[in-house]
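Below, each chain spelled out in residue letters.
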Amino acid sequence: MRTALRLSIDRIKCDGHGLCAELLPEIIRLDDWGYPIIAAGPVPEGLAPLAQRAVASCPVLALALALALQPTAASK
Amino acid sequence: MTGLRLLAGPDLASGAESDANHSRRLGAPKLSGRALIEALASSGLTGRGGGSFPVGTKWRAVAAASKGSPVVVVNGAEGEPQSHKDRVLMSTRPHLVLDGAFLAAHTLRAREVIVYIGEEHRAARAAMDRALAERTESERRIARMVGAPQRYVAGESRAAVHLIEAGVATPTTAPPRSHERGVAGAPTLVQNVETLAHVALIARYGDAWFRSAGRRGAAGTLLITVAGGVKRPGVLEVEAGTTIEEAVAMADGPSGPASAVLIGGYFGAWVAAAKAWELPLDAAALKTEGFNLGCGVVGVLPAGRCGVCDTARIMRYLAEESSAQCGPCFFGLRALSDACSRIAERGANRDEIARLKRWVVEVPGRGACRHPDGAVMFLRSALATFADEFAAHPAHWRQQPA
Ligand SMILES: Cc1cc2nc3c(=O)[nH]c(=O)nc-3n(C[C@H](O)[C@H](O)[C@H](O)COP(=O)(O)O)c2cc1C
Ligand code: SF4
Ligand code: SF4
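Note that this is a predicted model, so its numbers are computed, not measured.

> Hey, could you run me through the overall build of chain B in this one?
Secondary structure assignment for chain B yields 18 helices and nine strands. For chain B, the C-alpha radius of gyration of 21 Å lies close to 21 Å, the compact-globule estimate for 402 residues. Structurally, chain B occupies a C-alpha span of about 65 × 45 × 35 Å along its principal axes. Long-range pairs, those at least 24 residues apart, make up 70% of the contacts in chain B with a sequence separation of at least 6.

Next comes the structure, spelled out in structure tokens:
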């Protein structure tokens, strides 16, 4: 196992400002109603600082970045 | 009518079985504590509220999370419009449900048992009130009744906890899950009333006995509601693994030719009748086929009824039942429902169908609870089963009564 960064959204808090998608278009896009869709899988390491910035910029603190255990091919 | 196990005993038409009769007929439960948890785990019993989660695993999790004083919530909300099995059980065998609830409380050393019953299920509530009054003083002291508002999501486990805590039956964000932190911050076991009734019998007769019923490799019995185009709609107790064709035959057969069957209720799936007849009513077996047992609804669609219009009607209901807290659920289900209504009212439209197909991929997994996931799974099954009807639908919805 190794750790990986994952983005999650508190769907009740999120009110679709869409700021996160502007700051992190590599991972977040908006649906037809302006709510974020996060790309599947962990946040690529190179994007971690940008992801951090998106989390800090969410006006309602709905976005979170957490370390999660990630099964590697060997431990599957 | 009587049933195999849960509904065995006095005629159901005579109403709730008294405590005296219940105790005379079944004796006292023998297993509790660790031994009961182990028996539940090896019985294979899974939850009957819709999620089909293994019961032994859940009790172990609550036992591990609570270093004393968890809470037990008895889920009798039965918000699914087509389902009647939970209220039939509560109205006729209330002591089986209470036995299961107090066995859970004793085993987990719970400080409180909350019996959560749909406000519109008046006969069930009255029977459960009377039954609780017949229990021992030490049981009554830790139990209380709470009414569940008549909303589809009120029966979701965190919505139940939220109502008990704050008087609002809307789901809350997970984690924490109810079994980690629920009522008053305590680990909370939320269990469907039918599930608890099975617990009451496993505590008397053991896990091998539970597995001794069941067909085609499935274990135990289950309550189902047969609805729609059958001669005698209603609640039945069947062996797990009974096919849909056999269950429909037990409801005196189809009232005419059928085109499709809705398996599992509004969170379930439409299946073309020819395929549906052979499917076994068993959580694990249905899962391998990509379906859900859900709360055990078998809804037969008569050949003369339009599947597209029924789908539009149910999608409208599910969209209106969103608790409107999460954008993708509130706006997404409304958009899906509007598109279905337009096809039903104005006729087929390729752009609408293409949009529906994109949305059913984008919406699920993006709500605080699984309400949008269930609604979308239902719609996907409709788009597959009624593909030809969606593609060629005439503008006729208004002619078809609900
Ligand atoms: C939208 C929604 C509605 C639900 N309604 C009910 C209900 O009315 N009754 C019920 O027992 N479970 C209902 N559930 C399932 C509960 O969340 C929970 O899984 C169940 O009560 C656990 O008990 P069980 O494991 O014995 O099934 C619902 C779930 C969702 C997502
Ligand atoms: S910035 Fe925050 S509130 Fe706005 S869409 Fe993103 S997660 Fe939602
Ligand atoms: S997903 Fe829908 S029903 Fe569930 S909490 Fe969010 S808005 Fe309410």
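> When you look at the environment of Leu336(B) in this model, what are you seeing that I'm missing?
Residues and elements named next belong to chain B. Its location among the elements puts Leu336 in helix α15 (residues 327-346). Residue classification places Leu336 among the buried positions, given a relative accessible area of 0%. Along the sequence, Leu336 and Arg111 sit 225 residues apart, while their C-alpha atoms lie 44 Å from each other. Setting aside its immediate chain neighbours within four residues, Leu336 contacts Met315, Leu356, Trp359, Val360, Val376 and Leu379.

> Looking at this structure, I do not really get the interface of chain B and chain A. What am I missing?
Reports of interface size often rely on the accessible area that becomes lost once the parts have come together. Facing the 17 residues of chain B at the interface are 10 residues of chain A. Carbon and sulfur atoms supply 59% of the area buried between chain B and chain A, which totals about 1,200 Å² over both sides. Linking chain B with chain A are three salt bridges. Ionic pairing is found between Asp32(A) and Arg358(B), a salt bridge with its closest N-O pair at 3.1 Å.

> Whenever I open this one, the sheet that holds strand β6 (residues 234-239) of chain B confuses me. Can you help?
Strand pairing in a sheet is mediated by backbone hydrogen bonds. Such pairs are either parallel or antiparallel. All names here are of chain B. The strand order across the open sheet built from five strands is β6-β5-β9-β7-β8, with neighbouring strands paired in mixed fashion. Two strands close off the open sheet at either side, each with one partner strand: β6 and β8 (269-272). In this sheet, adjacent strand axes meet at a mean angle of 30° when their direction is disregarded. Two elements, strand β7 (residues 258-263) and β8, share four bridges in a ladder whose sense is antiparallel. Bridged to Leu262 within β8 is Trp270. Against the sheet, helix α14 (residues 307-320) engages β7, β8 and β9 (297-302), with an angle of about 170° to β8. Contacts from helix α17 (residues 371-385) reach β7 and β8, with the element oriented near 20° to β8.

> Sorry, what's going on with the site of ligand 2 here?
Every residue close to ligand 2 is listed here: Cys14(A), Asp15(A), Gly16(A), His17(A), Gly18(A), Leu19(A), Cys20(A), Pro36(A), Cys58(A), Pro59(A) and Val60(A). Residues of the shell around ligand 2, tallied by class, amount to seven nonpolar, three polar and one charged.

> Help me out: how do you make sense of helix α16 (residues 350-362) of chain B in this one?
Helical geometry note: an α-helix holds 3.6 residues per turn, so side chains three or four residues apart project in the same direction. For α16(B), spanning 13 residues, the distance from its first C-alpha to its last is 19 Å, which sits close to the expected 18 Å at 1.5 Å a residue. For α16(B), the set of buried residues is Glu352(B), Ile353(B), Leu356(B), Trp359(B), Val360(B) and Glu362(B). On its buried face, α16(B) sits against β2 (28-30) and β3 (36-38) of chain A together with α15, α17 and α18 (387-391) of chain B. Where α16(B) begins, one side-chain oxygen reaches toward the backbone nitrogen of Asp351(B), 2.8 Å away; that side chain belongs to Asn349(B).

> Even after reading the chapter, I still don't get the confidence of the model for chain B, so can you show me in this structure?
Reading predicted coordinates in detail is not appropriate for stretches of low pLDDT. Taken over all residues, the pLDDT of chain B has a mean of 95, while the share at 70 or more is 98%. The complex model carries a pTM of 0.93, and its ipTM stands at 0.90.

> Explanation requested: the site of ligand 1 in the structure shown.
Residue and element names in this part refer to chain B. Looking at ligand 1, there are 19 residues lining it, with Gly49, Asn75, Ser157, Asn192 and Thr195 nearest. Backbone polar atom of Gly79 to an oxygen atom of ligand 1: 3.0 Å apart, as the coordinates give it. Contact distances for ligand 1 include 3.0 Å between an oxygen atom and a side-chain N or O atom of Gln191. Relative to its unbound accessible surface of 610 Å², ligand 1 loses 88% to contact with the protein. Examining the composition of the shell around ligand 1, we find that three residues originate from one element, strand β4 (residues 188-192), more than from any other.

> What is the right way to look at the nonpolar core in this model?
Nonpolar side chains tend toward joint burial in soluble globular proteins. All names here are of chain B. Core analysis: the biggest nonpolar cluster contains 46 residues, and Trp59, Val74 and Val113 have the highest contact counts within it. Ranked by residue count, the leading element in this core is helix α5 (residues 94-108), at nine residues. Each residue touching Val74, except ones within four places of it in the same chain, is listed here: Val97, Ala101, Val113, Ile114, Val115, Tyr116, Gln191, Val193 and Leu196. Among the nonpolar cores identified, the runner-up in size contains 38 residues, and Leu262, Met315, Cys326 and Ile343 belong to it.

> Explanation requested: unusual backbone geometry in the structure shown.
A negative phi angle characterises most non-glycine residues, just as the trans form characterises most peptide bonds. Residues and elements named next belong to chain B. Cis rather than trans, the peptide bond between Ala174 and Pro175 has omega equal to -5°. Following the sequence through the fold, Pro175 ends up in the loop between α8 (157-166) and β4. Here the amide bond leading from Pro175 into Pro176 is cis, since omega sits at 5°, within 30 degrees of zero. For Arg109, which is not glycine, the phi torsion reads 55° and is therefore positive. Among the structural elements, Arg109 can be located in the loop between α5 and β2 (112-118). The exposure class of Arg109 is exposed, given its relative accessible area of 67%.

> Just to check I follow, could you spell out helix α9 (residues 193-205) of chain B for this structure?
Residues and elements named next belong to chain B. Over its 13 residues, α9 extends 19 Å from the first C-alpha to the last, a length consistent with the 18 Å expected when each residue adds 1.5 Å. α9 sits mainly inside the fold: 12 of its 13 residues count as buried. Between a side-chain oxygen at the N-terminus of α9 and the backbone nitrogen of Glu194 the separation is 2.8 Å; the capping residue is Asn192. After α9 finishes, the residue Gly206 shows a positive phi value of roughly 90°.

Analysis parameters
- Per chain, residue numbering runs from 1 following the sequence as it is written.
- Written order decides the labels, with chains lettered from A and ligands numbered from 1.
- pLDDT decides what is reported in this predicted model: residues at 70 or higher carry local features, side-chain atom pairs at 80 or more are listed and counted, and totals for whole chains, interfaces and linings draw on all residues regardless.
- Note that the side-chain values use all heavy atoms of the structure and ignore hydrogens as well as water.
- Only DSSP runs of H or I with at least four residues qualify as helices, and only runs of E with at least two residues qualify as strands; both kinds are numbered from the N terminus onward.
- Here the globule rule is a power law, 2.2 Å times the number of residues to the power 0.38, and the radius of gyration is based on C-alpha atoms.
- Two residues qualify as a contact provided that any one of their heavy atoms is within 4.5 Å of a heavy atom in the partner residue.
- Relative accessible area decides the class of each residue, using a 1.4 Å probe on protein chains only: under 20% of the type maximum gives buried, over 50% gives exposed, and in between gives partly exposed.
- Here the quantity called buried area is the accessible surface, traced with a 1.4 Å probe, that two parts lose on coming together, added over both.
- By salt bridge we mean one thing: a side-chain nitrogen of Lys or Arg within 4 Å of a carboxyl oxygen of Asp or Glu.
- Strands were regarded as paired on the criterion that DSSP finds at least two bridges between them.
- Interaxial angle, 0 to 180 degrees, is taken between N-to-C directions of lines fitted to C-alpha atoms, where a helix line uses only the stretch in contact.
- Any residue with a non-hydrogen atom lying within 4 Å of a molecule or strand is treated as near it.
- Residue polarity is assigned by list, with Asp, Glu, Lys and Arg as charged and Ala, Val, Leu, Ile, Met, Phe, Trp, Tyr, Cys and Pro as nonpolar; anything else, Gly included, falls into the polar class.
- Any helix carries an expected span of 1.5 Å times its number of residues minus one.
- Within 3.5 Å is the distance limit for a polar contact, defined as a pair of N or O atoms, with the added protein rule that one can donate a hydrogen and the other accept it, and that residues adjacent in sequence qualify only through two side-chain atoms.
- Per-residue confidence from the predictor is reported as pLDDT, a score between 0 and 100.
- Method for areas: the Shrake-Rupley scheme with a 1.4 Å probe, in which residue coverage is limited to the protein chains shown.
- The set of buried Ala, Val, Leu, Ile, Met, Phe, Trp, Tyr and Cys residues whose side-chain atoms join them within 4.5 Å is what this entry labels a nonpolar core.

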